[in-house]
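Topology and contacts: notes
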Amino acid sequence: VAKNGNAMFCWLQLGGCLETSTVAADKQRALEAFEKALTLIDSPTDSYRIDCIEGIARMAEATGDNAKARKRYRELFTLVTSGDQEGMSAASESKRLGRRPEEYLLAMASRADVNTAQEVEGFLQKLVDGLPAQSDSARESRFQLGELRMIRKDFPGAAKTFKEFIRLYGPPQDDKGD
């Protein structure tokens, strides 16, 4: 297998198979398989890089290592939003697979402590500010920003965000909000 250059793919597939198991030890073995696959990727633009990192993030969470899961989701977000060649290839692959940057931010937020939640809120705000208002990613990011502010009990911030969301994406309204 290694002679044909398929070792990385085999480790990736093994991780995927073990991931479906309900046995805790298999989740750990899946994590190790995804990590091994990642080490075998020669090119930073390899299309399987995102799959490996996502697998590590999911299995880190499944094995209770939320810090590792957050780190890997942050890495995924950085990969798909960076402007360099590596990021552009990852962004293309991410788009092809139907993944969006805000999904990685939300994954980070759902595993976050207070400081990370503030960091994610900042990322979401930058994403909302940097995207065309009518894009799917901007719409989803704005909604998730409101949700995150609700979770953090920033009710005035959440209300303002949802009001802006409704103004941009809801039906036309008169000056009374009807």
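The preceding data block contains the structure.
Fair warning: this is a prediction, and the values are worked out from it, not measured in the lab.

Counting its secondary structure elements, the protein contains nine helices and zero strands. A total of 178 residues make up the protein; the buried ones form 39% of that total. The contacts in the protein between residues at least 6 apart in sequence include a share of 52% that link residues at least 24 apart. For the protein, the accessible surface area stands at approximately 10100 Å², while carbon and sulfur atoms represent 53% of it.

Tallied over the entire structure, the rule returns four aromatic pairs. Measuring from ring centre to ring centre gives 4.9 Å for phenylalanine 165 and tyrosine 169, while their planes differ by 55°; the resulting arrangement is tilted. Remark: tyrosine 169 and phenylalanine 165 occur in helix H9 (residues 155-169); sequence separation between them is four residues, near one turn of the helix. Cluster of aromatic residues (ring-pair linked, three or more members): Phe143, Phe162, Phe165 and Tyr169.

A separate point is a nonpolar patch on the surface. On the surface, a nonpolar cluster with roughly 230 Å² of combined accessible area is contributed by Trp11, Leu14 and Leu40. Within the secondary structure layout, tryptophan 11 lies in helix H1 (residues 7-19).

The subject of this paragraph is the nonpolar core. Grouped together as the largest cluster of nonpolar side chains are 24 residues, with contacts concentrated most on Cys52 and Tyr104. Mapped by element, the contributors of at least two residues to this core are H1, helix H2 (24-39), helix H3 (49-62) and helix H4 (66-81). Residue contributions to this core peak at seven residues, all from H3. With five residues, the next largest nonpolar core counts Val120, Leu124, Val128 and Leu145 among its residues.

Here leucine 124 is to be found in helix H7 (residues 114-130). Owing to a relative accessible area of 0%, leucine 124 belongs among the buried residues under this scheme. Note: C-alpha distance between leucine 124 and leucine 145 (21 residues apart in sequence) is 6.1 Å.

Where helix H8 (residues 136-151) contacts H9, the two axes come as close as 7 Å, and the packing angle between them is 155°. In terms of their interaxial angle, H8 and H9 are classed as roughly antiparallel. As for how H8 packs across H9, the hand of that crossing is left-handed. Residues Ala138, Arg139, Arg142, Phe143, Leu145, Gly146, Glu147, Arg149 and Met150 of H8 form the contact with H9, whose participating residues are Phe155, Gly157, Ala158, Thr161, Phe162, Glu164, Phe165, Leu168 and Tyr169.

Definitions and cut-offs
- Residues numbered from 1 in each chain as written.
- Predicted model: local features only at pLDDT ≥ 70, side-chain atom pairs only at ≥ 80, totals over all residues.
- Heavy atoms only, no water.
- Helix = DSSP H or I, 4+ residues; strand = E, 2+ residues; numbered from the N terminus.
- Buried < 20%, exposed > 50% of the residue type's maximum accessible area, 1.4 Å probe, protein only.
- Contact = heavy atoms within 4.5 Å.
- Areas by Shrake-Rupley, 256 points an atom, 1.4 Å probe, with all protein chains shown as cover.
- Phe/Tyr/Trp six-rings, centres within 6.5 Å; stacked < 30°, edge-to-face > 60°.
- Patch = residues over 30% accessible without salt bridge, like charges linked within 9 Å, V, L, I, M, F, W, Y side chains within 5 Å.
- Salt bridge = Lys/Arg side-chain N within 4 Å of Asp/Glu carboxyl O.
- Core = buried A, V, L, I, M, F, W, Y, C linked by side-chain atoms within 4.5 Å.
- Axes fitted to C-alpha atoms, helices over the stretch in contact; angles between N-to-C directions.
- Parallel < 35°, antiparallel > 145°, perpendicular 65-115°, else oblique.
- Left-handed = near helix turned anticlockwise from the far one by under 90°.

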